[in-house]
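The chain contents come next:
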Amino acid sequence: MNIKRTIVEAAEEALKILAAPSNPKQVYAKIMERSLYKFGAKDPLSVLRIQMERHCDSTSWGSGAKRKLFSKNEDGLFYLLDCHVNVSASVPESVDNLELVKKLANKLKQDTILRIIDHLYTLEPEEFEFFCLRFLERYGFEDMQITQRGRDGGIDVYGTLEVGISPLHVAAQCKRYKKGNKVSRPEIDQFRGAIQGDYQQGIFITTSTFTQDAQDVAFKRGCVPIVLIDGETLAEIMIDRGIGVTTSHIPIYDFEIDFV
C-alpha cells in the first residue's frame, strides 16, 4: 500500500531507518532508496534541507515551522527530537560556557550563509543582476546601473566608487551558476577584455566558485584587476556589512569580585 507522505514526514521516516544523526544528503539517499517520497523539484536536496531546517528546534529562520521534529548536534547533523538522548546531560560541567556561545554563534553564521546562498539560487538571472546592483550600492558604490540586454558585452552592472579624491569607474559581471559550474579563466579573460580601457576595476560575482586558473589571472600586472566574489564570500560580506542581515546582541555575564 502506497502511503502519501509530505517531504518532512519522509525525512522523519528516513531518520528512523538511519537510526543515527545524519546530514540532508544521507536522508535524501535513504528517501530515494526506500521510495518514501517522489520529488518534483529541480534541486530536491535543497528543498529537503530547507524543510528540515524549518522543522528544526534550533533554526534561526524567520519562516520556521511551529512543529519541531528535528534537532542538530555539534556537527550539524539532524536527529529526531524524540529519539535522542538529553544533549545537556552529556556536556561536562567543566566546559567553558563562553566557548559554547562562540561555537553557537559560528554555527548561526554558517546557517545564515547557507540561507543566503539558497535564496540566491532561487533568483532568475535578471533578478540576480538587480540583487548585485543593490548589494554594490549598499557596499558604497554610486550611480550603479544595469546594462541593457544585448548591449552589455559581458558587463551587467556598472558605476563608480569613491577612492580618495577621485571616482573609480567599475563594471561587474553577475553569474547565477549552479554549485558545480565553476567560473573558469576564459570567462575572466573575456570580461577583462570587455572592460579594458573604459573601467579601472572589474568585479565578477557568482553564486558558484572560481577555478584555480581563474583566481590566478584575476590580478595581472598591466591589466585591469578583477575582484572575484563567490557565493560564500558574498554571503560573508553581507553579514559583516549588515546588508540584508540583522543581528541580535545578547549580553554575556561574568562575575568579577574585584569590581564590587
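Residues numbered from 1 in each chain as written. Predicted model: local features only at pLDDT ≥ 70, side-chain atom pairs only at ≥ 80, totals over all residues. Heavy atoms only, no water.

A. Highlighting the nonpolar core. Core analysis: the biggest nonpolar cluster contains 30 residues, and Phe-128, Phe-135, Leu-136, Ile-205, Leu-234 and Met-238 have the highest contact counts within it. For this core, the secondary-structure elements that each account for two or more residues are helix 4 (97-122), helix 5 (125-139), strand 4 (157-163), strand 5 (166-175), strand 6 (201-206) and helix 8 (231-241). Among the elements that line this core, the one with the most residues is helix 5, at 6 residues. Excluding residues within four positions of it along the chain, Met-238 makes contact with Ile-116, Phe-131, Phe-135, Ile-243 and Val-245. Counting 17 residues, the second-largest nonpolar core is a separate cluster that includes Ala-11, Ala-14, Leu-15 and Phe-70. (Core = buried A, V, L, I, M, F, W, Y, C linked by side-chain atoms within 4.5 Å. Buried < 20%, exposed > 50% of the residue type's maximum accessible area, 1.4 Å probe, protein only. Helix = DSSP H or I, 4+ residues; strand = E, 2+ residues; numbered from the N terminus. Contact = heavy atoms within 4.5 Å.)

B. Focus on the packing of aromatic side chains. Counted according to the given criterion, the structure contains 8 aromatic pairs. Relative to Tyr-139, the ring of Phe-135 lies with its centre 6.4 Å away and its plane at 45°, an arrangement referred to as tilted. Residue Phe-135 and its partner Tyr-139 are located together in helix 5, separated by 4 residues, close to a single helical turn. With relative accessibility at 4%, the residue Phe-135 sits in the buried group. Consider the rings of Tyr-139 and Phe-141, whose centres lie 6.1 Å apart with planes at 35°: the pair is tilted. Look at Phe-141 and you get buried, because its relative accessible area is 7%. The ring of Tyr-139 is capped by Arg-241, whose NZ or CZ atom sits 3.9 Å from the centre of that ring. (Phe/Tyr/Trp six-rings, centres within 6.5 Å; stacked < 30°, edge-to-face > 60°. Lys NZ or Arg CZ within 6 Å of the ring centre and 35° of its normal.)

C. Expanded view of a nonpolar patch on the surface. There is a patch of nonpolar side chains on the surface, built from Leu-98, Val-101 and Ile-252 and spanning about 250 Å² of accessible area. Locating Val-101 in the fold gives a position in helix 4. A relative accessible area of 40% places Val-101 in the partly exposed class. (Patch = residues over 30% accessible without salt bridge, like charges linked within 9 Å, V, L, I, M, F, W, Y side chains within 5 Å. Areas by Shrake-Rupley, 256 points an atom, 1.4 Å probe, with all protein chains shown as cover. Salt bridge = Lys/Arg side-chain N within 4 Å of Asp/Glu carboxyl O.)

D. Inspection of the environment of Arg-176 at higher detail. With respect to the element layout, Arg-176 can be found in the loop between strand 5 and helix 6 (185-195). For the pair formed by Arg-176 and Thr-207, sequence separation is 31 residues and the distance between their alpha carbons is 5.2 Å. Sequence-distant contacts of Arg-176, that is, excluding residues within four places in its chain, are made with Leu-120, Tyr-121, Leu-123, Glu-124, Pro-125, Phe-128 and Thr-207. Of the polar contacts made by the side chain of Arg-176, one reaches the backbone oxygen of Tyr-121; its length is 3.4 Å. (Polar contact = N/O pair within 3.5 Å; in protein donor to acceptor, adjacent residues only side chain to side chain.)

E. Structural context of the pattern of salt bridges. Counted by the stated rule, this structure contains 7 salt bridges. The partner of Lys-30 in a salt bridge is Glu-33, and the shortest N-O contact between them spans 3.4 Å. Residue Lys-30 and its partner Glu-33 are both found in helix 2 (residues 24-34); the two are separated by 3 residues, about one turn of the helix. Overall, Glu-33 belongs to the exposed group, its relative accessible area being 53%. The shortest N-O distance in the salt bridge between Glu-53 and Lys-72 comes to 2.5 Å. With Glu-53 in helix 3 (residues 44-54) and Lys-72 in strand 1 (residues 70-72), this residue pair connects regions lying 19 residues apart in the sequence.

F. Summary view of the pairing of strand 5. When strand 4 meets strand 5, the two strands line up antiparallel, connected through 7 bridges. Looking at strand 5, one finds that Tyr-158 is bridged to Ala-171. Pairing between strand 5 and strand 6: 6 bridges, direction parallel. Counted as the bridge partner of Ala-172 is Ile-203 from strand 6. Chirality of the crossover, the property in question, places the unit of strand 5, helix 6 and strand 6 among those that are right-handed. (Pairing = 2+ DSSP bridges. Right-handed = clockwise from strand over helix to strand, strands pointing away.)

G. Quick peek at unusual backbone geometry. Despite not being glycine, Ser-35 shows a phi value in the positive range, around 55°. Residue Ser-35 is classed as exposed on the basis of its relative accessible area of 61%. Despite not being glycine, Asp-143 shows a phi value in the positive range, around 55°. Inspection of the secondary structure assignment puts Asp-143 in strand 3 (residues 142-146).

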